[in-house]
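Listed below are the residues making up each chain.
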Amino acid sequence: MQANGAGGGQQQQQPPPQGPELGCLGAQNGEASAGTAAGEQLAHANGLLPSANSGGPGGGGSPGGLGVNNGVPAAGGPGPAAAELGGGGGGGSALKKKKRLSQSDEDVIRLIGQHLHGLGLNQTVDLLMQESGCRLEHPSATKFRNHVMEGEWDKAENDLNELKALVHSPHAIVRMKFLLLQQKYLEYLEDGKVLEALQVLRCELTPLKYNTERIHVLSGYLMCSHAEDLRAKAEWEGKGTASRSKLLDKLQTYLPPSVMLPPRRLQNLLRQAVELQRDRCLYHNTKLDSNLDSVSLLIDHVCSRKQFPCYTQQILTEHCNEVWFCKFSNDGTKLATGSKDTTVIIWQVDPDTHQLKLLKTLEGHAYGVSYIAWSPDDNYLVACGPDDCSELWLWNVQTGELRTKMSQSHEDSLTSVAWNPDGKRFVTGGQRGQFYQCDLDGNLLDSWEGVRVQCLWCLSDGKTVLASDTHQRIRGYNFEDLTDRNIVQEDHPIMSFTISKNGRLALLNVATQGVHLWDLQDRVLVRKYQGVTQGFYTIHSCFGGHNEDFIASGSEDHKVYIWHKRSELPIAELTGHTRTVNCVSWNPQIPAMMASASDDGTVRIWGPAPFVDNQDIEGPHGCGFKGNLGKVIKEKSIKCW
């Protein structure tokens, strides 16, 4: 009898079924037999057409011939000729001379076979292995797998003796046996067979002299009153297919892949390929589901630049002088902008249209507003002025009321501020040698003298404050034990800096040098980003996008520059401002929204292209790209690489 439309060796000696029955058998799994008219119709319906010129003495398409469809032979007549994959014709002779498969070909066949086996297409797997001459896994491994899944622990232990010669590490067998006996022990306990479980613990697990700490834990499970208690304490799924499959996954890690493939190997390779393509995609700015069902494996993953915040969505013109600073709230629902016109404007972000509208105007900052910091809960806003400003304003965002106006001394220069993660304290300072920690009412809690502060940041530990000073460095100051240490040393003045969410990376705007990325843990300079024009103006850059994969900075050449964190060359130059761009802020909750503030008196909101051509988006997750990423593209207010 034929299985899946291919010759089956010795069984071909018997006359095959006739008529439509043969065609149905041949059409299983999309492989058609060309023996009858019904078989030919099925072959055509499945997209596998029998060759008109192939076959034996009967000529093209006759029952005595053999059609080869996509490498799968379909036998139409009885006899040994079909079993030999050749009949009496010349096509069969060619098929006899099978090309020896390369190692990579064999690996691919095994991976496909494993995947098909997982889908339950076992007949297809058998046919694939038979035709290719490959073996999915070692026979001893197959036997071992079956015994584990059936819970036949004694037989599985015996199988380990056969596998011993195939395992590279001498300790691997002991570890595998321990895992087997652990499962056996837990299943006995769940079934209420306490004496049998105790026997396994004392006479089988303990003599292994392996992982005694785990054995002590296992012995404690004897006190579990019921099965649910056991499963909860052991963090175990219970007796059955789920726990045994997990056990098998662990056991497979000790076996060479030539003996037994690692679990779900093909899916893992495909997932790695998708993740690698995503990581290499210059414009990828959305969360990608790790489930392979959410992406297409038929096309490469490349995002279109039209989905990236490179296009002016809105221009805010309510300020009547230079705009020195802008910052989105932590929840992404508001934007605060500070200007030389002495005001702070709070804007509301529409969650649907992503348009901004004026919410509140906070007035009275006599020196202008050059720095703004949102409290961790976004309830408060602190505003600072330029170098000659000795005052600081603490606003209640909800009511628009001024809670605190703080000034320690008329000789102070309070130009920078940073919130403690607890939201109850903040630090502030300037370039005249003072550095304070205060509460929400402006009361002085601590001070650090002799530090000329350019920029401040509080780390997530709630103890350490980072401060850039006039000695071209960033130092860490601990107010609890009153210690300080050097972290970053540059050769030129640090005009501003910001820290990534995980506290690992620092982004510096360095006078005459541009934007530098530092690793704070290793204390090394990671990357120098090119393109930006940075003199001695204070320009504030930012991390942004999904997973903070991108970096943006203003520039004295009136542009906004965007880099992928791993690339020194900019991936976009945004034009539209007519004077120095002082600050950029990326919305922390909307990866496709960014704001920039300029001396031209405007704030620009950047987002994706208003209308996205279908030709630029492919795939179920809106990815695709037409054109060469290495080619310079100029379009309206953007230049991309």
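Residues numbered from 1 in each chain as written. Predicted model: local features only at pLDDT ≥ 70, side-chain atom pairs only at ≥ 80, totals over all residues. Heavy atoms only, no water.

The name an unreviewed UniProt entry assigns to the protein is WD repeat-containing protein 26, from the organism Zosterops borbonicus.

A. A look at the overall build of the protein. Regarding its fold elements, the protein presents 14 helices and 32 strands. Among the 641 residues that make up the protein, the fraction classed as buried is 49%. A fraction of 48% describes how many contacts in the protein between residues 6 or more apart in sequence connect residues 24 or more apart. (Helix = DSSP H or I, 4+ residues; strand = E, 2+ residues; numbered from the N terminus. Buried < 20%, exposed > 50% of the residue type's maximum accessible area, 1.4 Å probe, protein only. Contact = heavy atoms within 4.5 Å.)

B. Molecular detail of the nonpolar core. One finds L335 and L381 to be the most contacted residues of the largest nonpolar core, which totals 45 residues. Not counting residues up to four positions away in its chain, the partners in contact with L335 are L316, C326, K327, F328, I345, I346, W347, L356, W374, A595, V603 and I605. The next biggest cluster of nonpolar side chains, apart from the first, holds 20 residues, and it includes C281, Y283, C542 and W606. (Core = buried A, V, L, I, M, F, W, Y, C linked by side-chain atoms within 4.5 Å.)

C. Layout of the pairing of strand β29 (residues 594-598). The element β29 is extensively covered by neighbouring structure, given that five of its five residues are classed as buried. Of the two faces of β29, the one holding M594, S596 and S598 and the one holding A595 and A597 are both buried throughout. Strand direction decides the pairing type here: strand β28 (residues 581-586) and β29, joined by five bridges, are antiparallel. Each residue of the ladder has a partner; that of W586, found in β29, is M594. Pairing between β29 and strand β30 (residues 603-607): four bridges, direction antiparallel. The residue bridging A597 from the neighbouring strand is V603, located in β30. (Pairing = 2+ DSSP bridges.)

D. Just the environment of Y537, in detail. Relative to the helices and strands, Y537 is located in the loop between β23 (524-529) and β24 (542-544). Separated by 41 residues in the primary sequence, Y537 and S496 have C-alpha atoms spaced 9.8 Å apart. Setting aside residues no more than four positions away along its own chain, Y537 makes contact with M495 and E556.

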